Every structure is written in C-alpha cells, then in structure tokens.
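Here is how the chains run, residue by residue.
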Amino acid sequence: MQSLTLEFANGTPLRYGENAHQSAMFYKDPNCTEASLATAEQLHGKELSYNNIVDADAALEMIREFSDSNAIAIIKHLNPCGLATGATLAEAFSAAWEGDPVSAFGSVIAASRKVDLKTAELLKGRFVEILLAPDFDADALEFLRNKSKDIRLLKVGEIKPAKACKVYKHVIGGMLVQDRDIEVWEKFENMTKAEFPEKKLGLAKFSWLSCKHTKSNAIVMCYEYKAGYFMILGLGPGQPNRIDSNLRLCQPRVADNIKRMNLGESTWGELILASDAFFPFADNIDASASAGIKYIIQPGGSKKDSEVIEACDKFGIAMAFTGTRHFRH
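My aim in this report is to walk through the structure given alongside it, one point at a time.

Quick word on the overall build of the protein chain
When its secondary structure is counted, the protein chain shows eight helices and 16 strands. In terms of C-alpha radius of gyration, the protein chain reaches 20 Å, essentially the compact-globule figure of 20 Å for 329 residues. If one aligns the C-alpha atoms of the protein chain with their principal axes, the spans along those axes are about 60 × 55 × 35 Å. The proportion of buried residues among the 329 residues of the protein chain is 48%. Residue pairs at least 24 apart in sequence account for 56% of intrachain contacts in the protein chain once pairs closer than 6 positions are excluded. Total accessible area computed for the protein chain in this model is approximately 16,000 Å², and 49% of it derives from carbon and sulfur atoms.

Printed below as a string of structure tokens:
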C-alpha cells in the first residue's frame, strides 16, 4: 500500500480564511523554484488572506500560459473576468478590463511583464486587491504605493510556462493527488464542412487557454480586438449544465459588451466559442447559431458527436475537436 508524506515549512498566519471567522495559515514548499505565491515578495499593501492567495495563484497559473506575450489576467473568485494580450502591457490591461469592468472591481490581477508607469496609471480610480507581476518599474511602484495604502503588490520574478508536477487537494479524511494540467490540446481537428480559416488559429488557441482556466461547466467567447491581439468578450463559468453557461451567462455578457463597446452585431460571427468539455446534446449549437456564432472548439468525445456535427453543418458553423478536456473544479 502506497503512502504519501508531504513537508511544508515557514508557516505564516493569514488575515483570515475563506471567511472572517476562520483562522488560516500559509505553509511554503521549500523545493519550489518557479514563480509562485510562496516565493513572491510583497512590496506593498495589507497582509494576504486565504482568498487572496487562492485567487492570486489562479491568476498566476493563467498568466503562465501567455508568458511569451504582453498579457493581463483579471481574476475574480477563480474565474478570468478579464484576459487579453496586447502590443503593450497597457493595451492588454485596457482590453482585459473592458471585458467585464463590473466584475473587475476587487479583483486580483496578474501581468506577464514588468509593470511600467503607463500600465500602473490605468489603475487610477479602480479598486483591486492584488497586482502581481515579474517586477515593477520604480516610477510605477511609487505611483501604486501612493494610489492606495492597501493594494497588495507582489513581485514574483520571471514568469515561465508551467512545469510538470503533482498537485494536491485535501478532502476530509484524505488527500487527492494528480498531475498538474499543463497540456493545451492533443490536436486541432476540423470536424465540419465549414473549416477554420488559418487566420483564426491564434484566436482559437487563446480561446482554448481562456476556457482551460474557467470553472466548469465553462463556455467562453473570445474576440480578436486588434490584428494579432485577443480578449475575452464573455464567459459562462461554473454552471450545473452547459446550456445555462452559454445562454444565461456567456451570451448576455457578450451582448452587453458588443453594445457597450459599439462593436456591431456582425461581431458575433467573428468570435470563437470554446467549451471545456464535449456537448452532450446539440442544444448548445442551436443556441450559438441563434446568436450568430460561426466558430466553435471543444474536446469531442460525446456519444452524440455526430448529432452535434450535423447541427453545425446545418448552420454553416466550423467546429474543431481538441481531444483534450479541461475540467476545472
């Protein structure tokens, strides 16, 4: 019978746990060598709470996917209410915030690059819990410190793609152990009569990575707001069924953003819809077609894949299978 022994050191008391009546500690892995909350240097702000660390870890895990880009991830309750790449970090910040400015209030933000003054100034008048980044320019750090005595500024060092390792989740009476999800996709296989044009492949990958870090059942719609640069335009996370993620959360948010950003109704046909797991029925295809969606990516693997493909062909939708599921519980 196998046994598991884990050792963590340097326990630090936190402000509180998930709720104020719960006490909490943060213990550090002495063997961790990559950018992490355990190795981060807090440059400013209040002490961290349990929820701060959990959300900051989610933000850091997401931004690792975009370590080769100027990218900003805005996390609220483990979901990316904003995510974008840009020609500059400031441009990425603006696009990420624009994706859901309401949910971004009180969020945790991760930057893939050293924060410059132009990016820092975009936080003026905006309340966020944490901004973490590889580092901060001196003038950016001064501006942020003067902006708020409470904002937590975390220097995490160089952010690189995630390394393979084991991850753990405690349940009462036991410990779950699994491989870290560092995969992107097994394939990108067009399954419909309509095909993905090559110009959509960059947005497809961005959409898939966005969906990977959204709580299941996840539906995410992403947009190429500028040639070669992408943003989340709407998402439906954490619903008990996939059609609610689409119809009740994702589509209304996208509709609001299209109207607020003056993008025009034709924008629906330029988006890519990503689903973190297969469609058990064709209802999501019908709902997506009604909105004007023309591109879908999903893992495939349902007993009713043929019905889903047939529905896509009926509406002229291009759909690709990735062969890789990304449940996030």
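Considering the packing of aromatic side chains
Per the stated rule, a full pass over the model turns up seven aromatic pairs. Between the aromatic rings of phenylalanine 66 and phenylalanine 206, the centroid separation amounts to 5.5 Å while the plane-to-plane angle is 50°, which identifies the pairing as tilted. You can see phenylalanine 66 sitting in the loop between α1 (50–64) and β4 (70–76) and its partner phenylalanine 206 sitting in helix α5 (residues 201–212), a full 140 residues away along the chain. The burial state of phenylalanine 66 is the same as that of phenylalanine 206; both residues are buried. Look at phenylalanine 93 and tryptophan 97: their rings are 5.8 Å apart centre to centre, the planes differ by 15°, and that puts the pair in the stacked class. With phenylalanine 93 and tryptophan 97 both in helix α2 (residues 89–98), this residue pair falls four residues apart, about one helical turn.

As for the pairing of strand β12 (residues 219–226)
Two strands pair when backbone bridges link them, and β12 and strand β13 (residues 229–236) are joined in this way by seven bridges, in the antiparallel orientation. Its bridge partner lying in β13, tyrosine 223 is registered against methionine 231. Taking the residues between adjacent antiparallel strands as the criterion, β12 and β13 are bridged by two residues, where glycine 228 takes a positive phi near 85°.

Concerning the packing of helix α7 (residues 283–291) against helix α8 (residues 305–315)
Here α7 crosses α8 at 20°, and the two axes come no closer than 9 Å. Considered as vectors, α7 and α8 are oriented roughly parallel to each other. The element α7 and its partner α8 pack so that their crossing is right-handed. On α8, the residues touching Ile285, Asp286 and Ala289 of α7 are Val308, Ala311, Cys312 and Phe315.

Notes on unusual backbone geometry
Trans is the prevailing form of peptide bonds, just as negative phi is the prevailing case for residues other than glycine. Of note, the amide linkage connecting serine 216 to asparagine 217 takes the cis form, showing an omega dihedral of -10°. In this structure, asparagine 217 sits in the loop between α5 and β12. Residue asparagine 10 is not a glycine yet carries a positive backbone phi of 50°. Position of asparagine 10 relative to the elements: it lies in strand β1 (residues 9–13). In this structure asparagine 10 comes out as exposed when scored by relative accessible area, which is 60%. Positioned with a positive phi, leucine 78 is a non-glycine residue whose angle comes to about 75°. Residue placement: leucine 78 occurs in the loop between β4 and β5 (79–86).

Considering the nonpolar core
Where a protein is soluble and globular, its nonpolar side chains tend to be buried together. Counting 51 residues, the largest nonpolar core has Ile72, Ile109, Val115 and Phe136 as the members making the most contacts within it. In terms of residue count, the dominant contributor to this core is α2 (six residues). Counting residues in each nonpolar core, the second largest holds 45 residues, with Phe26, Ala35, Leu48 and Val220 among its members.

Details of the pattern of salt bridges
One pass over the full model with this rule turns up 17 salt bridges. Between glutamate 65 and lysine 212 there is a salt bridge, with the nearest N and O atoms lying 2.7 Å from each other. Of this pair, glutamate 65 sits in the loop between α1 and β4 while lysine 212 sits in helix α5, and the two are 147 residues apart along the sequence. The shortest N-O distance in the salt bridge between glutamate 270 and lysine 200 comes to 3.0 Å. With a gap of 70 residues between them, glutamate 270 in the loop between α6 (242–260) and β14 (272–275) and lysine 200 in the loop between β11 (189–190) and α5 connect regions that are remote in the sequence. A residue is classified by how much of its surface remains accessible, and glutamate 270, at 39% relative accessible area, is partly exposed. When its relative accessible area of 5% is taken as the criterion, lysine 200 is described as buried. A single network of salt bridges, built from pairs that share partners, joins Glu34, Glu61, Arg64 and Arg180.

Overview of α5
Its twelve residues place the ends of α5 16 Å apart at the C-alpha level, agreeing with the 16 Å of an ideal helix rising 1.5 Å per residue. With nine of twelve residues buried, α5 lies mostly within the body of the structure. Where α5 is concerned, the buried positions are Leu203, Ala204, Phe206, Ser207, Trp208, Leu209, Ser210, Cys211 and Lys212. The inward-facing, buried residues of α5 contact α1, β5, β12, β13, β14 and β15 (295–298).

Quick notes on the rules
Residues numbered from 1 in each chain as written. Predicted model: local features only at pLDDT ≥ 70, side-chain atom pairs only at ≥ 80, totals over all residues. Heavy atoms only, no water. Helix = DSSP H or I, 4+ residues; strand = E, 2+ residues; numbered from the N terminus. Rg over C-alpha atoms; globule rule 2.2 N^0.38 Å. Buried < 20%, exposed > 50% of the residue type's maximum accessible area, 1.4 Å probe, protein only. Contact = heavy atoms within 4.5 Å. Areas by Shrake-Rupley, 256 points an atom, 1.4 Å probe, with all protein chains shown as cover. Phe/Tyr/Trp six-rings, centres within 6.5 Å; stacked < 30°, edge-to-face > 60°. Pairing = 2+ DSSP bridges. Axes fitted to C-alpha atoms, helices over the stretch in contact; angles between N-to-C directions. Parallel < 35°, antiparallel > 145°, perpendicular 65-115°, else oblique. Left-handed = near helix turned anticlockwise from the far one by under 90°. Core = buried A, V, L, I, M, F, W, Y, C linked by side-chain atoms within 4.5 Å. Salt bridge = Lys/Arg side-chain N within 4 Å of Asp/Glu carboxyl O. Expected span 1.5 Å × (residues − 1).

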